[in-house]
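Architecture and fold: a report
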Amino acid sequence: MSSTDFDIITIGGGLGGASLAKVMAEHGAQVLVLESETTFKDRVRGEAMVSWGVNEAKELGIYSNLRDAGGWDVEFLEVSLEAGKPVRRQLRSTTNPSEPRFNFYHPDIQESLLQAASDAGAVIQRGARVRHLRLGDSHVVVATVAGVEKEFTARLVVGADGRYSRARGWGGFQVSENPESTFCAGLLFQGMTAPDDTTHNFRIFEKSLNALLFPQRSGMVRAYLCYPMAWGEQLSADKDIRRFINWSVEAGTPKGYFEGAVPAGPLASFKSASTWVEHPYRDGVALIGDAAGATDPMWGQGLSLTLRDVRVLRDHLLGEWDWAKSGHAYAEEHDRYFTVCNTVQAWHERLLVETGQEANALRARVFQLWQLDPTRRLDTFASGPDHLIDESVRRRFFGEDW
Ligand SMILES: Cc1cc2nc3c(=O)[nH]c(=O)nc-3n(C[C@H](O)[C@H](O)[C@H](O)COP(=O)(O)OP(=O)(O)OC[C@H]3O[C@@H](n4cnc5c(N)ncnc54)[C@H](O)[C@@H]3O)c2cc1C
């Protein structure tokens with residue numbers, strides 16, 4: 001093997017690429033991570049992992065890395081609808097697996113996981129922007145490293161380059177997308193007085209406004225605001241911070257939480273429609289994480305799905321010498337659990353995001369039925385996508401069987 005010849009090359013060293021590099025290097029694979037950033041900064045990415053993702057992190061053996069990078073447990077979730085009394089849920093005792101949420105600062109976990117991958121024996125090339133992929137018996141990945149074009153070859157190339165993945169195009173994958181209706185804006189605050197042990201969700205149906213607060217200890221809080229695209233405003237940069245706060249308060253966030261709080265990062269907003277690839281493996285290229293499928297950030301599934309991808313791909317690669325078979329087996333599983341998340345997300349959007357009289361009537365009926373029989377609602381977003389979704393489940397969810 002020449003110095004540029006690897007078993008696996010990951011395009012991207014985010015949560016997906018770095019975790020896969022670590023776990024495969026631990027099993028003796030020669031892994032190269034090509035990551036374009038030399039230092040990680042706040043890109044307004046996921047920092048709140050739901051309970052089923054915590055279990056994935058433990059299964060992968062990266063949980064201690066996330067904790068060492070400042071990750072910490074958030075035991076409670078409070079949901080306040082229509083500025084009403086919040087409903088408080090203790091996550092550890094009500095989720096399967098029994099785990100709380102886990103929050104962290106995204107740039108810190110990226111650093112920590114790349115270091116862990118390097119410690120496990122993976123080669124990490126920072127400042128390496130992948131430009132192209134030539135598919136053949138051994139794939140050639142072309143990257144610019146410190147201004148110089150270099151080529152690296154591998155048996156398996158893994159596209160782990162995020163929600164705007166170019167690896168998808170180079171690998172010949174088709175991207176599907178849900179219709180877009182919402183922007184999701186995010187901003188990190190310091191000096192916020194929201195409690196440290198609770199994730200907050202405030203929702204006003206009439207305006208289709210949804211505000212979320214993810215505490216990161218000592219007054220640091222990642223705040224998100226989801227609002228209709230029809231408003232024609234994509235909040236970004238300092239000029240829009242006042243509007244971000246005002247709309248968050250309109251959604252029900254107590255005004256007092258923002259008093260004395262100052263921004264500690266950039267304000268950015270994203271189109272929140274899901275994008276995904278059917279069967280994210282072909283001809284020696286596998287896609288993982290957001291490159292394979294990115295759900296609407298409002299439902300907080302991205303980090304957990306990324307770790308599920310890493311675990312499933314790892315298990316198939318370790319269990320089968322023929323990596324084409326492993327890739328197809330991974331892709332089949334991906335299609336199943338991603339479809340569950342995406343479908344349950346669409347059902348929740350119909351129920352919680354749509355406005356108007358019909359939507360109000362649907363909510364009134366469904367919430368009443370859910371109170372009578374809580375098993376009608378689905379706990380996918382907290383407990384994971386390992387359940388059936390068929391017509392009978394859908395009818396029970398919407399109370400159409402009543
Ligand atoms: C606003 C917002 C809020 C979110 N909130 C949550 C949340 O609360 N909970 C949750 O679970 N998820 C959330 N997510 C989703 C979560 O951030 C993603 O699912 C997760 O970061 C995906 O990890 P990844 O490794 O696939 O991609 P990324 O984290 O995007 O990493 C991709 C990496 O690839 C590198 N890269 C890209 N192109 C190239 C190239 N050509 N060459 C070399 N390197 C390249 C990038 O620099 C980056 O480091 C949110 C997302 C957004 C946008």
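The structure under discussion appears in the preceding block.
Heads up: these notes are all about the structure in this document.

Cut-offs applied
- Residues numbered from 1 in each chain as written.
- Predicted model: local features only at pLDDT ≥ 70, side-chain atom pairs only at ≥ 80, totals over all residues.
- Heavy atoms only, no water.
- Pairing = 2+ DSSP bridges.
- Helix = DSSP H or I, 4+ residues; strand = E, 2+ residues; numbered from the N terminus.
- Near = heavy atom within 4 Å.
- Polar contact = N/O pair within 3.5 Å; in protein donor to acceptor, adjacent residues only side chain to side chain.
- Areas by Shrake-Rupley, 256 points an atom, 1.4 Å probe, with all protein chains shown as cover.
- Nonpolar A, V, L, I, M, F, W, Y, C, P; charged D, E, K, R; others polar.
- Salt bridge = Lys/Arg side-chain N within 4 Å of Asp/Glu carboxyl O.
- Buried < 20%, exposed > 50% of the residue type's maximum accessible area, 1.4 Å probe, protein only.

Within a sheet, adjacent strands bond to each other through the backbone by hydrogen bonds, running parallel or antiparallel. Pairing in this open sheet of three strands is antiparallel, and the strands run β12-β19-β22 from one edge to the other. The outermost strands of the open sheet, each flanked by one partner alone, are β12 (176-177) and β22 (293-294). Summarising the sheet, strand β19 (residues 275-276) and β22 pair through two bridges and their orientation is antiparallel. Bridge pairing in β22 places Thr275 opposite Ala294.

What follows covers the site of the ligand. Taken together, 34 residues lie around the ligand, and Glu35, Gly46, Ala48, Asp290 and Leu303 are the ones closest in. The contact in question runs from an oxygen atom of the ligand to an N or O atom on the backbone of Gly46, over 2.7 Å. Backbone polar atom of Gly300 to an oxygen atom of the ligand: 3.2 Å apart, as the coordinates give it. Coverage of the ligand by the protein chains reaches 95% of its 1000 Å² of free accessible surface. For the shell around the ligand, the per-class residue count stands at 13 nonpolar, 13 polar and eight charged.

Take the pattern of salt bridges next. Scanning the model with the defined rule gives 29 salt bridges in all. Residue Arg308 pairs with Asp386 through a salt bridge whose shortest N-O separation is 2.8 Å. In this pair, Arg308 sits in helix α8 (residues 302-319) while Asp386 sits in the loop between α11 (380-383) and α12 (391-397), placing the two residues 78 residues apart along the sequence. With relative accessibility at 5%, the residue Arg308 sits in the buried group. Residue Glu391 is joined to Arg394 by a salt bridge in which the shortest nitrogen-to-oxygen separation is 2.9 Å. Highlighted residues: Glu391 and Arg394, both in helix α12, separated by three residues, approximately one helical turn.

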